[in-house]
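# A structural walkthrough
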Amino acid sequence: TDLGPFVDVDVDRMIREEGTKAHGEGIGLEHTAAELKEGKANTDDFHPSGINAYTPPDKNGVRQKIFFNDEEQAGLRLLAKQKKVFWNWEAGTGKSKGAIAAKAHLEDVTGKPVKMIVAMPAKLLPNFRDEVAKFSNYKVVMVNDQTPAKRRELYNSDPNTIVLVNKEKMNFDKAAINAAGFD
């Protein structure tokens, strides 16, 4: 699948790949691509411990229960099974919540912190930061217009911090990102 000049990903191959011990094999994530697509790998009680049970109160003081529908669960299991995933979901379909929940789920099943980096257009960085605060207690750092030295420092944040990066900066900072040891 050609996703433009910056990315060339064989999505079907990526779905068929088997998980590695570091990314899902042997920890209850051995679902086939067909099971994921058909929703057969979903459960009603799927709720990673790193995800809040309810959203913060809205302007009327109302809190909403956080849950994961079949499509979100399938996406989460795919993300947890693969090392890298390209999600091309429509707006409002749970990409942010799913990415945060995948980190929490992997931490639940491995018992270890998972270092996470998420690349997106610069204008979406504040939105994702707000989503992290809404759904979890993870810290967030945004990498955008800082100096190269400051960006290297941010990439090396502790594993309980989700690093959000302007996708254009990610191209410039490949060496620093690789050195930071993201999962």
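Everything below is about the structure printed above this text.
The following paragraphs examine the structure supplied in this document.

Thresholds, definitions, all that
- Throughout, residues of each chain are indexed from 1 in the direction in which the sequence is written.
- Thresholds applied to this predicted model are a pLDDT of at least 70 for local features of residues and 80 or more for the giving and counting of side-chain atom pairs; totals over whole chains, interfaces and linings are not thresholded and use all residues.
- Side-chain numbers come from the whole structure's heavy atoms, not from hydrogens or water.
- By the criteria applied, helices consist of DSSP H or I runs no shorter than four residues and strands consist of E runs no shorter than two, each listed in order from the N terminus.
- The rule is simple: take the accessible area with a 1.4 Å probe, protein chains only, and divide by the maximum for that residue type; under 20% is buried, over 50% is exposed, in between is partly exposed.
- The criterion used for residue contact is that any of the two residues' heavy atoms lie within 4.5 Å.
- Here, strands pair whenever DSSP counts at least two bridges between them.
- Angles run from 0 to 180 degrees between N-to-C directions of axes, and those axes are lines fitted to C-alpha atoms, restricted for helices to the stretch in contact.
- Whenever two N or O atoms come within 3.5 Å, that pair is a polar contact, provided that in protein one can donate a hydrogen and the other can accept it, and provided that, for residues adjacent in sequence, both atoms are side-chain atoms.
- Should an angle fall under 35 degrees it is taken as roughly parallel, and over 145 as roughly antiparallel, whereas 65 to 115 is taken as roughly perpendicular and any remaining angle as oblique.
- In this scheme the handedness of a crossing depends on how the near helix is turned from the far one: anticlockwise by less than a right angle means left-handed, clockwise means right-handed.
- The residue classification treats Ala, Val, Leu, Ile, Met, Phe, Trp, Tyr, Cys and Pro as nonpolar and Asp, Glu, Lys and Arg as charged. All others, Gly included, are polar.
- Only rings of Phe, Tyr and Trp enter the pairing, Trp through its six-membered ring, and a pair is recorded when the two centres are within 6.5 Å. The plane angle decides the type: under 30 degrees is stacked, over 60 is edge-to-face, the rest tilted.
- Remark: a charge is flagged as sitting over a ring if the NZ atom of Lys or the CZ atom of Arg is within 6 Å of the ring centre and within 35 degrees of the ring normal.
- In this description, the arc belongs to the directions extending from the helix axis to the C-beta atoms.
- If the strands point away from the viewer and the path from the first strand over the helix to the second runs clockwise, then the crossover is right-handed.

## As for the overall build of the chain
Each helix and strand counted, the chain has 8 helices and 3 strands in total. Going residue by residue from the N terminus, the α and β elements of the chain occur as α-α-α-α-β-α-β-α-β-α-α. In the chain, which comprises 183 residues, the proportion classed as buried is 39%. A separation threshold of at least 6 residues defines the contact pool for the chain, and within that pool the share at least 24 residues apart is 58%.

## Overview of the sheet that holds strand E2 (residues 139-143)
As summarised here, the arrangement of the 3 strands in space is E1-E3-E2, forming an open sheet in which the pairing is parallel. The sheet terminates laterally at strand E1 (116-120) and E2, the two strands that pair on one side only. Neighbour to neighbour, the strand axes of the sheet diverge by 25 degrees on average, direction disregarded. Alignment of E1 against strand E3 (residues 161-166), held across 5 bridges, turns out to be parallel. Bridge pairing links Ile 117 to Val 163 in E3. Across the sheet, helix H6 (residues 148-155) lies against E1, E2 and E3, angled at about 155 degrees from E2, the strand it touches most.

## Concerning the environment of Ala 133
Position of Ala 133 relative to the elements: it lies in helix H5 (residues 125-135). Residues Ala 133 and Asn 52, spaced 81 residues apart in sequence, show a C-alpha to C-alpha distance of 9.5 Å.

## Description of the side chain of Glu 107
With respect to the helices and strands, the residue Glu 107 is situated in helix H4 (residues 95-110). Engagement of the side chain of Glu 107 in a polar contact is seen with the backbone nitrogen of Val 114, the distance being 2.9 Å.

## Considerations on the packing of H4 against H5
The geometry of H4 relative to H5 is characterised by a closest axis approach of 9 Å and an angle of 60 degrees between their N-to-C directions. Relative to H5, the element H4 lies oblique. Considering how the two elements wind past one another, H4 and H5 form a crossing that is right-handed. Between H4, through Ser 96, Lys 97, Ala 99 and Ile 100, and H5, the contact on the second element is made entirely by Phe 128, Glu 131, Val 132 and Phe 135. In terms of residue class, the contact of H4 with H5 is built from 5 nonpolar, 1 polar and 2 charged.

## Details of the environment of Val 109
Position of Val 109 among the secondary structure elements: in helix H4. Exposure remark for Val 109: the relative accessible area of 31% places this residue in the partly exposed category. In the structure, Val 109 is positioned 61 residues away from Pro 48 in sequence and 9.3 Å away in space, judged by C-alpha atoms.

## Observations regarding the packing of aromatic side chains
On inspection of all chains with the given rule, the structure shows 0 aromatic pairs. A cation over a ring is seen here: Lys 103 above Tyr 138, with NZ or CZ 4.7 Å from the ring centre. One residue, Lys 115, lies across the ring of Phe 182, its end atom 5.0 Å from the ring centre.

## What about the environment of Thr 161?
With respect to the secondary-structure elements, Thr 161 resides in strand E3. The spacing of Thr 161 and Val 141 is 20 residues in sequence and 6.9 Å in space, taken between C-alpha atoms. Dropping the residues within four chain positions of it, Thr 161 is found in contact with Met 116, Lys 139, Val 140 and Val 141.

## So, H6
The periodicity of an α-helix, 3.6 residues per turn, causes residues three or four positions apart to be oriented the same way. Regarding H6, the residues found buried are Arg 151, Leu 154 and Tyr 155. Here the buried residues of H6 occupy an arc of 100 degrees about the axis, which is enough to place them on one side. Buried positions along H6 lie against E1, E2, E3, helix H7 (167-172) and helix H8 (174-180).

## Side note on the pairing of E2
Strand direction decides the pairing type here: E2 and E3, joined by 5 bridges, are parallel. Within the sheet, the bridge partner assigned to Met 142 lies in E3 and is Leu 164. A crossover connection joins E2 to the parallel E3 through H6; in handedness this β-α-β unit is right-handed.

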